[in-house]
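Here is how the chains run, residue by residue.
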Amino acid sequence: MTELATTEVLRPHAEVEYAGELQALKAADDKPRPPAWQLSPSAVVTYLLGGKAGDTEISPKYVGPRRLVEVAVATLATDRALLLLGVPGTAKTWVSEHLAAAISGDSTLLVQGTAGTAEEAIRYGWNYAQLIAQGPSEAALVPSPVQRAMAEAKIARIEELTRMPSDVQDALITILSEKALPIAELATEVQARKGFNVIATANDRDKGVNELSSALRRRFNTVVLPLPESADDEVEIVARRVAQLGSALELPQPDDALDEIRRVVTIFRELRSGRTEDGRTAVKSPSATLSTAEAISVVTGGLALAAHFGDGVLRPTDVAGGILGAVVKDPSADRVVWSEYLETVVRERDDWAPFYRACREISG
């Protein structure tokens, strides 16, 4: 397979996209490193939260409480696995990827949890052509990302752990407690090398999740990632990610997008909290999560509209449709919530008149 240049890849892995920052941190890092770690725990935190490494500016990958990040990194330096918990859109996957990139230099040892995830995704599988021809052998064994991480002393990532069936989840218990993966068919086992650990992400807000057993939950240290504390923090997160995504998609970067970003963030925060920013008006909350990730998606979609069907300037008409789609997940109940918000809040804000008109037009 031909290897693509980084500029041709839609979304490079963290260790590729931020290779320069990781190299600068590694060169400047003079603190003790746990076995097989690329960076010290202190440097990993700097990589996540931003700072300096010599003359190199390290961009923040996560905006949130420093102590939470320190606890997460310290957990991975022990024999305890890490569970990142939070409502959808709180950057669990993003943080997981960057932690693996900074610690192991490899964020690709990933298991994606779904209702159809089989136990082989956690343990191992077989090349059935070789299995039938030769019987069980190491050549016929297909290692899972978790098994590879154990053998290579790296971080394994498990996304949406609670979406996996409970019996598949529990395949992790032996791995996390014994640090070994028995392979009964070969009468052997894979023992984890120092440096191996697991980062899992989960949320209990969505439908279709399976609760973790008490036995499995005890194998994890849990860090709950909150929604951004302030509107300014959330605006900063959205603006940075929109700029990164816009660059990858080769969309023009408008100079005045911040006004629309702030408007989207304000709407999402007010509908999430059930109260306007000034605290004077109570509003109903829709069934949707209205996460920071969804705000990023709305603004990025607006930039695409402005670039391809407008004059390149991000306007209220460009984000109105995306906001409607994000808010109205339940066509009956959520439409009532959105309509009331438009009439009682948006309509009363004089400087939001163009946005109000765009929303009324697209809502019909």
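Remember, it's a predicted structure, so these values are computed and weren't measured experimentally.

What counts, and at which threshold
Residue positions are given per chain, counted from 1 along the sequence in the order it is written. Restriction of local features to residues with pLDDT of at least 70 applies here, the model being predicted, together with a cutoff of 80 or more for giving and counting side-chain atom pairs; totals for whole chains, interfaces and linings are based on all residues. As a rule here, side-chain values cover all heavy atoms of the structure and leave hydrogens and water aside. Note on terminology: a nonpolar core comprises buried Ala, Val, Leu, Ile, Met, Phe, Trp, Tyr and Cys residues joined through side-chain atoms within 4.5 Å. Think of it in three bands: residues with accessible area under 20% of the maximum for their type are buried, residues over 50% are exposed, and the middle band is partly exposed, with areas taken using a 1.4 Å probe on protein chains only. Helix and strand assignments come from DSSP, with helices taken as H or I runs of at least 4 residues and strands as E runs of at least 2, each series counted from the N terminus. We call two residues in contact whenever any of their non-hydrogen atoms come within 4.5 Å of each other. Note that the arc is defined by the directions from the helix axis to the C-beta atoms. A pair of strands is treated as paired once DSSP finds two or more bridges between them. Helix axes are fitted only over the stretch in contact, all axes being lines through C-alpha atoms; the angle between N-to-C directions runs from 0 to 180 degrees. Any Lys or Arg side-chain nitrogen located within 4 Å of an Asp or Glu carboxyl oxygen qualifies as a salt bridge.

## Description of the nonpolar core
Within the largest apolar cluster, 38 residues are counted, with the highest numbers of intra-cluster contacts made by I267, F268, I323, W338, Y341 and F355. Looking at this core, the elements that each hand over two or more residues are α11 (231-248), α12 (258-273), α13 (292-309), α14 (316-327), α15 (333-344) and α16 (353-363). In this view, F355 contacts R263, I267, P316, V319, A320, I323, W338 and V346; residues no more than four positions away in its chain are not counted.

## Thoughts on helix α2 (residues 19-28)
Since one α-helical turn is 3.6 residues long, residues separated by three or four positions face the same way. Of all the residues in α2, the buried ones are E21, L22, A24 and L25. What you see down the axis of α2 is that its buried residues fit within an arc of 160°, all on one side. For α2, the exposed residues lying more than 90 degrees away from the buried face are G20, Q23 and A27. Turning to α2, the residues buried within the fold contact α1 (14-17), α3 (41-49), β1 (51-53), β2 (56-58) and α5 (92-104).

## Things to note about the sheet that holds strand β10 (residues 197-202)
Taken together, the five strands give an open sheet; going across it, the order is β4-β7-β10-β3-β11, and neighbouring strands pair in parallel fashion. The sheet terminates laterally at β4 (110-112) and β11 (220-224), the two strands that pair on one side only. Strand-to-strand twist in this sheet, taken as the mean axis angle between neighbours without regard to direction, amounts to 20°. Against the sheet, helix α4 (residues 66-76) touches β3 (81-85), β7 (155-159), β10 and β11, its axis set at about 165° to β11. The strands touched by helix α7 (residues 145-152) are β4 and β7; relative to β7, the strand with the most contacts, the crossing angle is about 160°.

## Concerning the pattern of salt bridges
As enumerated under the stated definition, the model contains 23 salt bridges in all. Residues E159 and R157 are paired through a salt bridge, measuring 3.4 Å at the closest nitrogen-oxygen approach. In terms of burial, E159 and R157 fall into one category: buried. In this structure, E211 and R217 form a salt bridge, with 3.8 Å as the shortest nitrogen-oxygen distance. Assessed through its relative accessible area of 54%, E211 is described here as exposed. Bridged by salt links that share partners, the residues D106, R148, E152 and K154 form one connected network.

Scope: geometric values only; no functional claims are made or implied.
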